[in-house]
Amino acid sequence: MSLKSQINIDKLPQHIAVIMDGNGRWAKRHNKARVFGHQNGVQAVREISEGAAELGVKYLTLYAFSKENWNRPAFEVNTLMKLFVKTVDKEMATLNKNNIRLNALGDLETLPKETYKALMKGMKSTESNDGMTLSLALNYSSRWEIIDAVKRIAGEVKEGQVDLNGINENLFSNYLTTSDMPDPELLIRTSGENRISNFLLWQISYSELYFSDVLWPDFSKEELYKALLSYQNRERRFGLTGEQLINS
Ligand code: IPE
Ligand code: IPE
Ligand code: MG
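Residues numbered from 1 in each chain as written. Chains lettered and ligands numbered in written order. Predicted model: local features only at pLDDT ≥ 70, side-chain atom pairs only at ≥ 80, totals over all residues. Heavy atoms only, no water.

(A) Expanded view of the nonpolar core. Among the nonpolar cores identified, the biggest contains 43 residues, and Ile16, Leu60 and Ile188 are the most heavily contacted of them. Taken together, the elements giving at least two residues each to this core come down to strand S1 (15–19), helix H3 (34–55), strand S2 (59–66), helix H4 (74–97), strand S3 (100–105), strand S4 (132–140), strand S5 (186–189) and helix H8 (221–232). The element best represented in this core is H4, accounting for seven residues. Sequence-distant contacts of Ile188, defined by excluding residues within four places in its chain, comprise Ile16, Ala17, Val18, Ile19, Tyr210, Phe219, Leu224 and Ala227. By size, the runner-up hydrophobic cluster in this structure holds 12 residues, among which are Leu105, Ala137, Phe199 and Leu200. (Core = buried A, V, L, I, M, F, W, Y, C linked by side-chain atoms within 4.5 Å. Buried < 20%, exposed > 50% of the residue type's maximum accessible area, 1.4 Å probe, protein only. Helix = DSSP H or I, 4+ residues; strand = E, 2+ residues; numbered from the N terminus. Contact = heavy atoms within 4.5 Å.)

(B) How the structure looks around the side chain of Thr190. With respect to the secondary-structure elements, Thr190 resides in the loop between S5 and strand S6 (208–211). Separated by 2.7 Å, the side chain of Thr190 and the backbone oxygen of Asp21 make a polar contact. Ignoring any residue separated from it by four or fewer positions in sequence, one finds Thr190 in contact with Ile19, Met20, Asp21, Ser212, Val214, Trp216 and Phe219. (Polar contact = N/O pair within 3.5 Å; in protein donor to acceptor, adjacent residues only side chain to side chain.)

(C) Layout of the sheet that holds S1. Ordered in space as S3-S4-S2-S1-S5-S6, the six strands form an open sheet in which the pairing is parallel. Looking at the sheet topology across the chains shown, the edges are occupied by S3 and S6. Geometrically, the sheet is characterised by an average inter-axis angle of 20° between neighbouring strands, direction not taken into account. Sheet topology places S2 next to S4; seven bridges connect them, and they run parallel. When the bridges of S4 are listed, Ser66 appears paired with Tyr140. Packed onto the sheet, helix H5 (residues 113–125) meets S3 and S4 and runs at close to 145° relative to S3. Relative to S5, H8 is tilted by about 135°, and along the sheet it contacts S1, S5 and S6. (Pairing = 2+ DSSP bridges. Axes fitted to C-alpha atoms, helices over the stretch in contact; angles between N-to-C directions.)

(D) Focus on the site of ligand 2. In the neighbourhood of ligand 2, the contacting residues comprise Ile19, Met20, Asp21, Tyr63, Ala64, Phe65, Ser66, Asn69, Arg72, Arg189, Arg195 and Ser197. A distance of 2.9 Å is found between an oxygen atom of ligand 2 and a side-chain nitrogen or oxygen belonging to Asn69. Ser197 places a side-chain nitrogen or oxygen 2.6 Å from an oxygen atom of ligand 2. Protein coverage of the free-state accessible area of ligand 2, which is 390 Å², stands at 77%. Most atoms of ligand 2, that is more than half of them, are within 2 Å of grid points of the largest pocket. Per-element tally for the shell around ligand 2: the top contributor is S2, with four residues. When its residues are assigned to classes, the shell around ligand 2 shows five nonpolar, three polar and four charged. (Near = heavy atom within 4 Å. Areas by Shrake-Rupley, 256 points an atom, 1.4 Å probe, with all protein chains shown as cover. 1 Å grid on protein atoms, 1.4 Å probe; cavity = no way out; pocket = protein on both sides within 12 Å on 5 of 7 lines; lining within 4 Å. Sits in = over half its atoms within 2 Å of the grid points. Nonpolar A, V, L, I, M, F, W, Y, C, P; charged D, E, K, R; others polar.)

(E) Looking closely at unusual backbone geometry. Positive phi values are uncommon outside glycine, yet Asn31 reaches one of about 55°. As for its placement among the helices and strands, Asn31 is situated in the loop between helix H2 (23–29) and H3. Accessibility expressed as a relative area gives 73% for Asn31, which makes it exposed.

(F) Quick peek at the pairing of S4. Counting buried positions along S4 gives nine out of nine residues, so the element sits mostly inside the fold. Bridge analysis of S3 against S4 gives six bridges, and the strand direction is parallel. Bridge assignment links Ala104 to a residue of S4, and that residue is Leu136.

(G) Spotlight on H8. Counted at 1.5 Å a residue, the expected span for H8 with its 12 residues is 16 Å, and the 16 Å between its end C-alpha atoms agrees. In terms of residue burial, H8 counts as a mostly covered element, since nine of its 12 residues are buried. Along H8, the residues that are buried comprise Lys221, Glu223, Leu224, Tyr225, Ala227, Leu228, Leu229, Tyr231 and Gln232. Among the structural elements, helix H1 (3–6), S1, H3, S5 and S6 are those in contact with the buried residues of H8. (Expected span 1.5 Å × (residues − 1).)

(H) View of the layout of surface pockets. By volume, the largest pocket is sized at about 850 Å³. Around the largest pocket, the lining is made up of 40 residues, and of these Met20, Asn23, Tyr63, Ala64 and Phe65 lie nearest the centre. For the lining of the largest pocket, the secondary-structure elements that each account for two or more residues are H2, H3, S2, H4, S3 and S4. Split by residue class, the lining of the largest pocket holds 17 nonpolar, 12 polar and 11 charged. (Points joined across faces, edges and corners; volume = space filled by probe spheres on them.)

(I) Summary view of the site of ligand 1. Taken together, the neighbourhood of ligand 1 is formed by Met20, Asp21, Gly22, Asn23, Gly24, Arg25, Arg34, His38, Ala64, Asn69, Arg72 and Leu80. Separating an oxygen atom of ligand 1 from a backbone N or O atom of Gly24 is a distance of 2.9 Å. For ligand 1, an oxygen atom lies 2.7 Å from a polar atom in the side chain of Arg25. Considering ligand 1 on its own, with 380 Å² of exposed area, one finds that the protein chains cover 86% of that surface. According to the grid-proximity analysis, the pocket containing ligand 1 is the largest pocket. Contributions of two or more residues to the shell around ligand 1 are made by H2 and H3. Residue composition of the shell around ligand 1, by class: three nonpolar, five polar and four charged.

Printed below as a string of structure tokens:
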């Protein structure tokens, strides 16, 4: 029985978030420069986006560049920024064909102008697609996002637009970059690293975590199916006891 056929389509996560990691090590294994790994990571983005959309996942969020990644060597950063431009341009037709809407999360306005422009163009040209929303987290860090939300809420409290006693989890979520999507039920990280690296800290408070040893450029649809099967075999308790869940 294929892995895909074992997936229960009625119990799919609505939102899958992925920390795409291991491009550099993949390149090293192939005796190539790190940027070769990033170039090959694009193929995995294509595979996983297609695989998730085919199954009926509504939101796929990929961590593509963190605020901390600016500290990498300039050549790597510049190559990545150019790769984002090239990839968005190149993939537009496929996104439209697969009814996928492109979205971006992060501090977008401080990205290099060309990268920003390519993202805006990609988002505009796919905005009416209603199959799956593919979000790229770019120049993103969760602490930046939380501080940004706090500043905007504080400003609105000061102006009398938000009531201090009205601040709750729901209101706070509306000020995050993910305001128009449900929290991810499943978070995947590749390459054997077991950490979160400043990704969606608020949103993953109850996500199921799945760590794969596979390096990102090798992450295939089959690997996605393995993650989904692991997710579907778990009991999500949200603070309740296992007995309470059985009786509900
Ligand atoms: C993930 O792969 C891609 C980005 C962070 C942009 P890495 O570049 O972090 O690969 P490793 O972790 O060095 O192998
Ligand atoms: C996290 O990967 C960021 C992205 C996947 C874009 P890193 O490779 O930068 O994470 P750390 O620094 O090893 O934790
Ligand atoms: Mg890494």
